Amino acid sequence: LGTSVIQVTATDADDANYGNSAKVVYSILQGQPYFSVDPETGIIKTALPEMSRENREQYQVVIQAKDMGGQMGGLSGTTTVNITLTDVNNNPPRFPQSTYQFSSPESAPPGTPLGRIKANDPDVGENAEIEYSISNGDGSDVFDIITDKDTQEGIITVKKRLDFENKMLYTLRVEAINTHPDPRFLQLGPFKDTALVKISVEDTDEPPVFSRPSYLIEVDEDAKEGSIIGQVIAQDPDTTMNAIKYSVDRHTDLDRIFNIYSGNGSLFISKTLDREETPWHNITIIATEINNPKQSSQIPVFIRILDINDHAPEFAKYYETFVCENAKAGQLIQTVSAVDKDEPPRGHRFFFELVPEFAVHPNFSIVDNKDNTAGIITRRNGYSRSKTSTYLLPIIIFDNDYPIQSSTGTLTIQVCACDSRGNMQSCNAEALLLPAGLSTGALVAILLCIIILLVLVVLFMALKRQRKKEPLIISKDDIRDNIVTYNDEGGGEEDTQAFDIGTLRNPEAREESKMRRDVIPETIFQIRRTAPIWENIDIQDFIHRRLKENDLDPSAPPYDSLATYAYEGNDSIANSLSSLESLTTEGNQDYDYLSDWGPRFKKLADMYGGEDSD
């Protein structure tokens, strides 16, 4: 009430000498009873004690200015003033209802929104900003509420996993409070409000739940096949309590070393174990509801294989041990150590001693250093390679675990020649038999020379065997390597230049050898007389004689030339069928006799026996 809003001022053009004529008086024509104006100053003030922006925000006030002190006859002027009420935070938030109901399936994961609630605040801007929180209730640790800054709503979400079997209903007390209260209006009361939120949990078919998040099982590596090593337990969390079956995820147990009884979840061994090969096995067990196979869950099972003493200790490596010929008694020549694949809980402890047969060895002794090593000590002065070049020293190695395991390792000790400082020079006994003046380099050179001579002899013999005989004909015209094509065709029966056809037909007419007519002889050879050919000589004997004559004749064609003989034997009852003896006349001949020769000459008889045959 009486709060100044604005001042309006009016001016009069009349001179002040007019006195009261220039005096301006202000009055309000429109805007009552909300506002008033001071008649002399023109200041507009509020006329009501409690003006509410929420009821009315805009006002229009008309002010009149009149001269002559406002008397009758004075001149006046008016102006309009638009007044807007600004908001202040004088209203607390209020929930439209006192109780809200929501529901959620028990399978809802954390962060799932369940619903929205909103408290109304008639203020605007930052005066209407609200913050929501859970003040109390039995579900304050299971649910949460967050504020949506855009809509000024509270969003209720799931904070932890729900379990219908444990609790079916939750009650929350939600509070809404202004974030920017105005101290001038705090006396009006608390600027906040509360509401009751009830959340019911709905039952859903859940997968089986194991009694532990994971299982650790320890088993000795000597456990027998079929031995039960542990048990996993799972149950259906639903009220129906469905039966459960167990199985092993074979992707985590490819070798099928473990198995499980499907009814009670007992794990047992299917194959022998070996800690040295695989000390840990990580498998997965699956629990599935029998009535609803889609509901299943998995659990990791870590199986640790406990060590047992099933391996004997042995030498840590292969030792190349030697003793100098000039060694003294009590000299340390080698320190040996051992390893064991087992891992006893108290650590390794090894003992070394000679086998009972060599408990008192005349040449060497062993001293246990009490630190899993032992030293080999000489027992006499001087060793001779010529008498004994190598000593075999069997050593027994024990461990201290239960049951005690032992093994025997043989240490090979060579007798070597050493210099005065004990550095090895040679360990070969054969070196003693070599001449004193012959060095090792000379021996190597001699050996290389012998090897080179042997290689040369082998190469010479190989080349000699591979050497081939010189071919009989070395010529580009050798018909075995070249193909010669002749395009000239012979003259048939009329061609008598190359061979004497008559002589071939009648060997009795050949009285003497004639020179070849197919080539021009380079040298005139002595004509060789041949023996006369008797009558009725066998054709085979004739050919053999002619073959022998040609072989001995230096002017004869080469050995692979083709020679044609037109002479036919005298024993054929069909006489000669060659066209060489055919008559030169063109008279007809009778071939009917061919039909009497049998089926083999039927084709020939058909060709020549016809009346129209040529």
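The following paragraphs examine the structure supplied in this document. (Residues numbered from 1 in each chain as written. Predicted model: local features only at pLDDT ≥ 70, side-chain atom pairs only at ≥ 80, totals over all residues. Heavy atoms only, no water.)

Glancing now at the overall build of the protein. Check the secondary structure of the protein and you find four helices and 31 strands. For the protein, buried positions account for 30% of its 614 residues. A separation threshold of at least 6 residues defines the contact pool for the protein, and within that pool the share at least 24 residues apart is 64%. By element, 51% of the accessible surface of the protein is carried by carbon and sulfur atoms, the whole surface being about 41,200 Å². (Helix = DSSP H or I, 4+ residues; strand = E, 2+ residues; numbered from the N terminus. Buried < 20%, exposed > 50% of the residue type's maximum accessible area, 1.4 Å probe, protein only. Contact = heavy atoms within 4.5 Å. Areas by Shrake-Rupley, 256 points an atom, 1.4 Å probe, with all protein chains shown as cover.)

Moving on, we come to the state of the cysteines. Disulfide: a covalent bond connecting the sulfur atoms of a pair of cysteines. Following the criterion strictly, the structure yields two disulfides and no others. Paired through a disulfide, Cys324 and Cys418 show a sulfur-sulfur distance of 2.1 Å. Residues Cys324 and Cys418 are joined through a disulfide that is left-handed, its torsion about the S-S bond being -85 degrees. Separated by 94 residues along the polypeptide, Cys324 in strand 24 (residues 321-324) and Cys418 in strand 30 (residues 406-418) bring together distant segments of the chain. Across the pair, Cys418 and Cys324 agree in class, each one buried. Each sulfur of the disulfide joining Cys416 and Cys427 lies 1.6 Å from the other. One disulfide, between Cys416 and Cys427, carries an S-S torsion of 100 degrees and so falls in the right-handed class. In this pair, Cys416 sits in strand 30 while Cys427 sits in the loop between strand 31 (424-426) and helix 1 (440-466), placing the two residues eleven residues apart along the sequence. (Disulfide = S-S within 2.5 Å.)

As a further point, take the sheet that holds strand 4 (residues 43-46). Pairing is antiparallel in the open sheet, where three strands are placed in the order 1-4-3. Taken across any chain shown, the strands that pair with only one partner, and hence form the sheet edges, are strand 1 (4-7) and strand 3 (35-37). Put simply, the sheet's adjacent strands are angled 25 degrees from each other on average, direction ignored. With three bridges joining them, strand 1 and strand 4 adopt antiparallel strand pairing. When the bridges of strand 4 are listed, Ile6 appears paired with Ile44. (Pairing = 2+ DSSP bridges. Axes fitted to C-alpha atoms, helices over the stretch in contact; angles between N-to-C directions.)

Let's shift gears to the sheet that holds strand 8 (residues 113-117). The antiparallel open sheet is built from three strands, whose spatial order is 8-11-10. Sheet topology places strand 8 and strand 10 (143-148) at the edges, where each strand pairs with a single neighbour. Each adjacent strand pair in this sheet contributes to an overall mean axis angle of 25 degrees, direction not counted. For strand 10 and strand 11 (residues 153-158), the ladder comprises six bridges, and the chain directions are antiparallel. From the neighbouring strand, Phe143 faces strand 11, where its bridge partner is Val158.

Of note, the bond from Gln32 into Pro33 is cis; its omega dihedral lies within 30 degrees of zero at 10 degrees. In this structure, Pro33 sits in the loop between strand 2 (25-30) and strand 3. Its identity as a non-glycine residue notwithstanding, Gln152 has a phi of 55 degrees, on the positive side. Take Gln152: it is sitting in the loop between strand 10 and strand 11. A positive phi angle is found at Lys370, which is not glycine, with a value near 65 degrees. Tracing the chain through its elements places Lys370 in the loop between strand 27 (364-368) and strand 28 (373-378).

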